[in-house]
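Structural description and commentary
Listed below, chain by chain, are the residues.
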Amino acid sequence: MKKVEAIVRPFKLDEVKIALVNAGIVGMTVSEVRGFGRQKGQTERYRGSEYTVEFLQKLKIEIVVEDDLVDMVIEKIITAARTGEIGDGKIFVTSVEEIVRIRTGEKNQEAI
């Protein structure tokens with residue numbers, strides 16, 4: 001099993017969620033995160049004063065899927081989250097050794 005973590009723009013969440021649900025992915029975790037990459041923040045104006053926002057607001061979507069679904073999940077996220085501008089986000093894929101459902105004690109595939 002693999003864990004797919006996608007850092008995306010907040011306004012793209014609904015599009016990503018709909019694309020994944022339509023593809024049969026039923027579970028995901030979403031967290032509000034802040035960070036920066038090549039954008040290095042952005043300059044904004046407030047009441048005539050200019051200031052720099054160093055950490056931009058993003059959302060992190062976490063999904064655990066079977067190995068054979070990883071490429072499809074990545075493609076769905078890219079298609080739904082892409083704007084073509086710097087700051088669209090990143091996708092990270094890591095291996096998951098074990099999953100346990102706390103309520104029932106089910107493990108791995110049954111726990112997803």
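Since we're looking at a predicted model, the values are computed, not measured. (Residues numbered from 1 in each chain as written. Predicted model: local features only at pLDDT ≥ 70, side-chain atom pairs only at ≥ 80, totals over all residues. Heavy atoms only, no water.)

1. Comments concerning the overall build of the protein chain
Stated precisely, the cut-off is as follows: Strands are runs of DSSP state E lasting at least 2 residues, helices are runs of H or I lasting at least 4, and numbering of each runs from the N terminus. In this scheme, a residue with accessible area under 20% of its type's maximum is buried, one over 50% is exposed, and one in between is partly exposed, where area comes from a 1.4 Å probe on protein chains only. Residues are treated as being in contact if the distance between any of their heavy atoms lies within 4.5 Å. To be clear on the numbers: accessible area is Shrake-Rupley with a 1.4 Å probe, and residue cover counts the displayed protein chains and nothing else.
Along its length, the protein chain carries two helices and six strands. Beginning at the N terminus, the succession of helices and strands in the protein chain can be written as β-α-β-β-β-β-α-β. Within the protein chain, the proportion of its 112 residues that are buried is 27%. Sequence separation of 24 or more characterises 71% of the internal contacts of the protein chain that already satisfy a separation of 6 or more. Carbon and sulfur atoms make up 48% of the accessible area of the protein chain, which totals about 7900 Å².

2. Let's talk about helix H1 (residues 13–22)
A turn of α-helix holds 3.6 residues, and therefore any two residues three or four places apart point the same way. Inclusion rule: The arc in question is the one traced by the directions running from the helix axis out to the C-beta atoms.
For H1, every residue scored as buried is listed here: Val-16, Ala-19 and Leu-20. Looking straight down H1, one finds its buried side chains confined to an arc of 95 degrees; they lie on one side. Exposed residues lying more than 90 degrees from the buried face of H1 are Asp-14 and Asn-22. Elements that come into contact with the buried residues of H1 comprise strand E5 (56–65) and helix H2 (70–81).

3. Observations regarding H2
In plain terms, the rule: To estimate how far a helix should extend, the number of its residues minus one is multiplied by 1.5 Å.
Between its terminal C-alpha atoms H2 stretches 16 Å, which fits the 16 Å expected from 12 residues at 1.5 Å a residue. Of all the residues in H2, the buried ones are Val-70, Val-73, Ile-77, Ala-80 and Ala-81. Projected down its long axis, H2 carries its buried residues within an arc of 110 degrees, all on one side. Facing away from the buried side of H2 by more than 90 degrees, the exposed set consists of Asp-71 and Thr-79.

4. Re the environment of Arg-82
Inspection of the secondary structure assignment puts Arg-82 in the loop between H2 and strand E6 (89–95). On the basis of relative accessible area, Arg-82 is assigned to the exposed category, the value being 56%. When the C-alpha atoms of Arg-82 and Val-8 are compared, they prove to be 8.7 Å apart, with 74 residues separating the residues in sequence. Among all residues touching Arg-82, those that are not within four sequence positions of it are Lys-12 and Asp-88.

5. Quick word on the pairing of E5
The condition is simple: Any two strands with at least two DSSP-identified bridges between them are counted as paired.
Burial of E5 is extensive: seven of the 10 residues sit out of reach of the surface. Both strand E1 (residues 2–8) and E5 contribute to a ladder of seven bridges, which runs antiparallel. Bridging across to E5, Ile-7 finds its partner in Lys-60. Looking at chain direction, strand E2 (residues 29–35) and E5 are connected through seven bridges and run antiparallel. The residue of E5 that forms the bridge with Val-33 is Lys-58.

6. Points about the sheet that holds E5
Here is the rule: The angle between two axes is taken between their N-to-C directions and runs from 0 to 180 degrees, where each axis is a line fitted to C-alpha atoms and a helix contributes only its stretch in contact.
Strand order in the open sheet made by the four strands is E2-E5-E1-E6, with antiparallel pairing throughout. Two strands close off the open sheet at either side, each with one partner strand: E2 and E6. Each strand of the sheet is rotated relative to its neighbour by a mean of 25 degrees, with strand direction disregarded. Here E1 pairs with E6 via seven bridges, running antiparallel. Looking across to E6, one finds that Ile-7 is bridged to Lys-90. Each of E1, E5 and E6 touches H2; the most contacted strand, E1, lies at about 10 degrees to it.

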